[in-house]
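Listed below are the residues making up each chain.
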Amino acid sequence: MDELTDDELFSQIEEHLKCSEQSWLMGAGISFDAKLPLMYPLTNKVKKDVESSHKKLYDEIITPLFEELPVNCHIEHVLSHLGDYAALAERNKENKTVINGSEIELASLEEAHNVILESISNVIRCGYVEDKDGNTVEEGTLSVPIVDIGAHLEFIDTLFNHASAGVHERRKTVNIFTTNYDTLLEDALALNKVPYWDGFAGGAVAHRTQRYGEPAPSNGQRANLIKMHGSIDWFLCEKGYVWRVRDNDRYPKADRRVLIYPQATKYIATQQDPFSTQFDLFRKSLNSSNSNTLAVCGYSFGDDHINNEIEFALSKEENKTVLLAFLECRDGIPTCLERWRNSSFGSRVIIASLRGLYVGNKGPFKRKGDDDYWWTFKGVTSVLKNGCEV
């Protein structure tokens, strides 16, 4: 088979984005222009908030946990570590465990867990921007948030309302998976009048109906929105039910807890665990014997759970899923992507980066122009709307 020209390689991206069977995986990077922090600025902000509001918890639990973990850990790692300690304390006959040589009661671990989740939730609702040195540049409040939905509105509008001729008619329901806690994608879908399903039934207050193993329903919706790590408007009540609730509502009950992954283990019942259900839907979307595209934006391939699912699916001989990753790669290609593109399924791994286009183990192929920001959220929207413009 003859080698494809550069123009043909770039046009392949446009064809993959027109695929009738496609899913998107979105990460924190898509909300950067919305004035929401990436994981490390979020971690800095949460540490500041917890230290100022719950100094004893911060000194006795939060600080020792950070000291135990690697230097590059972030707040999700701390939540996981905290959940592990909570599980140990729960199994202990005195409901205690030891952190940094000090006995800590389960109730204190639970409180620290809830305080962190509430802080994350408030930061995401309000918006927060800091400089590279960790200094606050701009900060919203609950009464005056600074969050900007503009880029999300344009992306959803472009994806669903400005597709190339004939694509809309033959395209199946688009799966949108996100690791983000914010509600910008679902808000953008609603504001663009795109009918979608998210696993809940109801209105402004809704209850989760999706169970593990069940497929997404086929009710004529144009999008399925699957939040892999939970949401700032998801709450778990003491009966084990998962609710989607509006800001400031004090029902279904005031002692509910924000449902953001990872959770302390005791709070998730097997049949009602939304996270395993979300990953099950992700796994099913990746396994296809038909032409299928997984487009990735804003996700830096730092979640081993997600990466393992992608690798397992792509490695199946009968699978035809193509991975199209829009990624900066300023400091090099992530380790897992480097391994995948040099593997037996490498031809189905495409990376659109600041450095250029990689197709399998070939590349980078540069686009025309010096500044290549097609890997950003706005850049991806432009590619959907205008093509690669080679």
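From a predicted model like this one, the values you see are computed outputs, not experimental measurements. (Residues numbered from 1 in each chain as written. Predicted model: local features only at pLDDT ≥ 70, side-chain atom pairs only at ≥ 80, totals over all residues. Heavy atoms only, no water.)

Further remarks concern the pattern of salt bridges. Overall, the coordinates contain 17 salt bridges when judged by the stated rule. For the salt bridge of Glu154 with Lys385, the shortest nitrogen-to-oxygen distance reads 3.4 Å. Of this pair, Glu154 sits in helix α6 (residues 150-161) while Lys385 sits in helix α12 (residues 377-386); the two residues are 231 residues apart in sequence, bridging distant segments of the chain. Measuring nitrogen to oxygen at the nearest pair gives 2.6 Å for the salt bridge that ties Asp198 to Arg244. On the criterion of sequence distance, the pair formed by Asp198 in the loop between β7 (196-197) and β8 (200-202) and Arg244 in strand β12 (residues 242-244) is long-range, its members being 46 residues apart. By the burial criterion, Asp198 is buried, and Arg244 matches it. (Salt bridge = Lys/Arg side-chain N within 4 Å of Asp/Glu carboxyl O. Helix = DSSP H or I, 4+ residues; strand = E, 2+ residues; numbered from the N terminus. Buried < 20%, exposed > 50% of the residue type's maximum accessible area, 1.4 Å probe, protein only.)

A separate point is the nonpolar core. Within soluble globular proteins, side chains that are nonpolar tend to cluster in buried spots. Core analysis: the biggest nonpolar cluster contains 39 residues, and Ile61, Ile62, Ile75, Leu109, Ile116 and Ile120 have the highest contact counts within it. Mapped onto this core, the elements with two or more residues apiece are α2 (39-53), α3 (55-68), α4 (75-91), α5 (106-126), β11 (230-236) and β13 (257-260). With residues near it in sequence (within four places) discarded, Ile75 still touches Met39, Leu42, Thr43, Val46, Phe66, Ile116 and Ile120. In this structure, Trp24, Ile156, Phe160 and Ala352 belong to the second largest nonpolar core, which totals 38 residues. (Core = buried A, V, L, I, M, F, W, Y, C linked by side-chain atoms within 4.5 Å. Contact = heavy atoms within 4.5 Å.)

Below, the discussion takes up the side chain of Asn307. Within the element layout of this structure, Asn307 appears in helix α10 (residues 304-314). A polar side-chain atom of Asn307 sits 2.7 Å from a polar atom in the side chain of Tyr299. Filtering out sequence-adjacent residues up to four positions away, Asn307 remains in contact with Tyr299, Phe301, Gly302, Cys336 and Trp340. (Polar contact = N/O pair within 3.5 Å; in protein donor to acceptor, adjacent residues only side chain to side chain.)

Reading across the sheet, the nine strands line up as β7-β10-β6-β1-β14-β15-β16-β17-β18 and stay open at both edges, with mixed pairing between neighbours. Of all the strands in the sheet, the pair left with one neighbour each is β7 and β18 (362-365). Note: strand β1 (residues 22-26) against strand β14 (residues 292-297), five bridges, orientation parallel. Pairing of Met26 across the sheet is with Cys297, part of β14. Taken strand by strand, helix α1 (residues 6-17) contacts β1, β14, β15 (321-327), β16 (349-353), β17 (356-359) and β18, and its axis lies near 105° from that of β15. (Pairing = 2+ DSSP bridges. Axes fitted to C-alpha atoms, helices over the stretch in contact; angles between N-to-C directions.)

Across all of its chains, the model carries zero disulfides by this definition. Here Cys336 stays unpaired: no disulfide links it, and the sulfur of Cys329, its closest cysteine neighbor, is 10 Å away. (Disulfide = S-S within 2.5 Å.)

On to empty space enclosed by the protein. Counting across every chain of the model gives one cavity of 30 Å³ or more. Considering only enclosed or pocket space, the largest cavity measures out at about 40 Å³ in volume. For the lining of the largest cavity, the residue count by class is three nonpolar, no polar and three charged. (1 Å grid on protein atoms, 1.4 Å probe; cavity = no way out; pocket = protein on both sides within 12 Å on 5 of 7 lines; lining within 4 Å. Points joined across faces, edges and corners; volume = space filled by probe spheres on them. Nonpolar A, V, L, I, M, F, W, Y, C, P; charged D, E, K, R; others polar.)

For the rest of this paragraph, the subject is the environment of Leu259. The topology assignment puts Leu259 in strand β13. What makes Leu259 buried here is its relative accessible area of 0%. Sequence separation between Leu259 and Phe235 is 24 residues; the distance between their C-alpha atoms is 5.1 Å.

Taken in spatial order, the five strands make up an open sheet running β8-β9-β12-β11-β13, and their pairing is antiparallel. Pairing within the sheet leaves two strands with one partner each, and these edge strands are β8 and β13. Mean inter-strand twist for the sheet, computed between neighbouring axes without regard to direction, equals 40°. As judged from the two bridges shared by strand β9 (residues 206-208) and β12, these two strands associate in the antiparallel manner. Each bridged residue has a counterpart across the sheet, and for His207 the counterpart in β12 is Trp243. Along the sheet, α5 contacts β11 and β13; its crossing angle with β13, the most-contacted strand, is approximately 75°.

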